Amino acid sequence: MLAIIGGSGLTQLSSLEIKRREVIRTPYGEPSGALTFGMLCDTPVVFLARHGYGHTIPPHQVNYRANLWALKEAKATEVVSVASVGGIRADFGPGVLVVPDQIIDYTWGRKSTYFEGTEEPVHHIDFTEPYDTRLRQRLLAAAAAAGQHAFDGGVYAATQGPRLETAAEVNRMERDGADLVGMTGMPEAALARELGLPYAALNVVANHAAGRSSSEHSIHFDSIEAVLQDAMIRVRCVLEQLCKV
Ligand code: HPA
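All figures in this text were calculated on a predicted structure; none of them were measured in a lab.

**Student:** Got a minute to help me understand the nonpolar core in this structure?
**Tutor:** Generally speaking, nonpolar side chains in soluble globular proteins are found buried as a group. Residues Leu35, Val46, Leu68, Leu71 and Val79 are the most contacted members of the largest nonpolar core, which totals 36 residues. Only β1 (2-6), β3 (35-40), β4 (43-49), α1 (64-73), β5 (78-87), β9 (155-158), α4 (188-194) and β11 (199-208) provide two or more residues apiece to this core. What Val46 contacts, discounting residues up to four positions off in sequence, is Met1, Leu2, Ala3, Ile4, Leu35, Thr36, Phe37, Leu71 and Ala76. Judged by nonpolar contacts, the second largest core, of 32 residues, contains Leu140, Ala143, Val204 and Ala231.

Below you can see the structure in the form of structure tokens.
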């Protein structure tokens with residue numbers, strides 16, 4: 001069963017034919033909300049709003065461990081993350097869809113592993129390719145089938161937030177090789193790998209990253225919201241196709 005974690009702008013899936021909601025408790029505390037089970041184009045899907053259904057949980061306080069654990073418990077076999085990002089690369093402007101292929105993690109202080117405590121033997125997951133190759137290819141095929149262009153590849157910089165970056169921080173990330181910046185991609189991707197869940201992301205560029213817009217010197221949330229509203233319509237079309245490919 002496909003799990004979809006929705007980020008800013010995607011707190012629900014309108015085309016999801018909802019069957020039931022279930023609150024799942026985990027050894028790691030509460031997930032962001034109840035899991036929503038339903039059918040998307042005749043395929044069973046489980047949906048979770050990363051920031052809670054009222055969008056009240058900031059990126060650094062999302063209980064990523066509980067979220068992934070609950071999805072696994074609910075028999076999810078693969079996870080697609082939808083998340084908005086700032087575009088660092090010049091051609092990653094507002095509204096662009098990206099299926100990233102790499103991650104640089106700048107987050108700190110987040111609970112980022114299931115392997116802790118003295119009882120557990122230490123386990124080092126392989127994370128050379130942080131996203132599942134097959135699921136990425138399916139996402140790209142779904143985008144093509146939906147008639148939506150999605151960039152194949154990009155280096156995702158995961159920042160702590162909740163504040164946006166300084167212009168110098170974005171310059172540094174670019175020198176590091178990052179193409180897009182967001183606040184929720186880690187530790188989510190690593191935790192999915194620890195649980196053996198294939199994981200891929202569909203990122204929606206909401207704005208040019210700090211200092212990267214030629215027209216404006218600050219990032220306005222009003223314009224971000226308008227971009228996201230339009231883009232999430234296209235994201236929903238891609239997700240509907242994903243159930244078919
Ligand atoms: N930076 C970090 N996260 C984001 C941004 C950004 O510019 N836009 C949307 N999420």
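**Student:** How do you make sense of the site of the ligand when you look at a structure like this?
**Tutor:** Neighbouring the ligand are the residues Ser84, Val85, Gly86, Leu164, Glu165, Val181, Gly182, Met183 and Asn207. In this structure, a nitrogen atom belonging to the ligand sits 3.4 Å away from a main-chain N or O atom of Gly86. Within the side chain of Asn207, an N or O atom sits 2.7 Å from a nitrogen atom of the ligand. More than half of the atoms belonging to the ligand lie within 2 Å of the grid points that define the largest pocket. Counting only elements with at least two residues in the shell around the ligand, the list comes to β5 and β10 (180-182). The leading source of residues in the shell around the ligand is β5, at three residues. Each residue belonging to the shell around the ligand can be placed in one class, and the counts come to four nonpolar, four polar and one charged.

**Student:** What exactly am I supposed to notice about the packing of helix α2 (residues 133-145) against helix α5 (residues 221-242) here?
**Tutor:** Two packed helices can be described by the angle between their axes and the distance between those axes. Following both chains from N to C, one finds α2 and α5 inclined at 115°, their axes separated by 8 Å at the closest point. Viewed along their axes, α2 and α5 adopt a mutual orientation that is roughly perpendicular. Of the two possible hands of crossing, α2 and α5 adopt the one that is right-handed. Each of Arg138, Leu139, Ala142, Ala143 and Ala145 in α2 lies in contact with α5, whose residues at this interface are Val238, Gln241 and Leu242. Looking at the contact of α2 with α5 residue by residue, the classes come out as six nonpolar, one polar and one charged.

**Student:** Please clarify how empty space enclosed by the protein should be interpreted in this entry.
**Tutor:** Using a probe with the size of a water molecule, rolled over the atoms, empty space left in the structure can be pinpointed. What the rule picks out here adds up to one cavity of 30 Å³ or more. Quantified by volume, the largest cavity comes out at close to 60 Å³. In this structure, the largest cavity is lined by Arg50, Ser81, Ala83, Tyr131, Tyr156, Thr184, Gly185, Glu188, Tyr199, Ala201 and Asn203. Tallying contributions element by element places β11 first for the lining of the largest cavity, with three residues. Counted by class, the lining of the largest cavity contains five nonpolar, four polar and two charged residues.

**Student:** Help me understand unusual backbone geometry, please; the structure alone is not making it clear to me.
**Tutor:** Peptide bonds are, in most cases, trans, and in most cases residues other than glycine have a negative phi. Here Gly161 and Pro162 are connected by a cis peptide whose omega angle stands at -5°. One can find Pro162 in the loop between β9 and α3 (167-176). Residues Met186 and Pro187 are joined by a peptide bond in cis, for which omega reads 10°. Note that Pro187 resides in the loop between β10 and α4. Even without a glycine there, the phi angle at Asp42 is positive, about 65°. By the secondary structure assignment, Asp42 is in the loop between β3 and β4. For Asp42, a relative accessible area of 71% gives the class exposed.

**Student:** Teacher, can you tell me more about the UniProt feature "binding site: substrate" (unreviewed entry) in the chain here?
**Tutor:** UniProt's entry tags Met183, Asn207, His208 and Ala209 with the feature "binding site: substrate" (unreviewed entry), counted in the numbering of this structure. Considering only the annotated residues already named, the ones lining the largest pocket are Met183, Asn207 and Ala209. Position of Asn207 relative to the elements: it lies in strand β11. Accessibility expressed as a relative area gives 11% for Asn207, which makes it buried. Among all residues touching Asn207, those that are not within four sequence positions of it are Val85, Gly86, Gly87, Pro94, Ile219 and Ile224. Within the element layout of this structure, Ala209 appears in the loop between β11 and α5.

**Student:** Just to check I follow, could you spell out the layout of surface pockets for this structure?
**Tutor:** Of the pockets and cavities examined, the largest pocket occupies roughly 680 Å³. For the largest pocket, the lining is made up of 35 residues, of which Ser8, His55, Ser84, Phe221 and Leu228 are closest to its centre. Of all elements in the fold, only β5, β10, β11 and α5 reach the threshold of two or more residues within the lining of the largest pocket. Of all the elements, α5 adds the most residues to the lining of the largest pocket, at eight residues. In terms of residue class, the lining of the largest pocket is built from 18 nonpolar, 13 polar and four charged.

Criteria and cut-off values
Residues numbered from 1 in each chain as written. Predicted model: local features only at pLDDT ≥ 70, side-chain atom pairs only at ≥ 80, totals over all residues. Heavy atoms only, no water. Core = buried A, V, L, I, M, F, W, Y, C linked by side-chain atoms within 4.5 Å. Buried < 20%, exposed > 50% of the residue type's maximum accessible area, 1.4 Å probe, protein only. Helix = DSSP H or I, 4+ residues; strand = E, 2+ residues; numbered from the N terminus. Contact = heavy atoms within 4.5 Å. Near = heavy atom within 4 Å. Polar contact = N/O pair within 3.5 Å; in protein donor to acceptor, adjacent residues only side chain to side chain. 1 Å grid on protein atoms, 1.4 Å probe; cavity = no way out; pocket = protein on both sides within 12 Å on 5 of 7 lines; lining within 4 Å. Sits in = over half its atoms within 2 Å of the grid points. Nonpolar A, V, L, I, M, F, W, Y, C, P; charged D, E, K, R; others polar. Axes fitted to C-alpha atoms, helices over the stretch in contact; angles between N-to-C directions. Parallel < 35°, antiparallel > 145°, perpendicular 65-115°, else oblique. Left-handed = near helix turned anticlockwise from the far one by under 90°. Points joined across faces, edges and corners; volume = space filled by probe spheres on them. UniProt positions renumbered as here; feature names shortened; annotations may be inferred.

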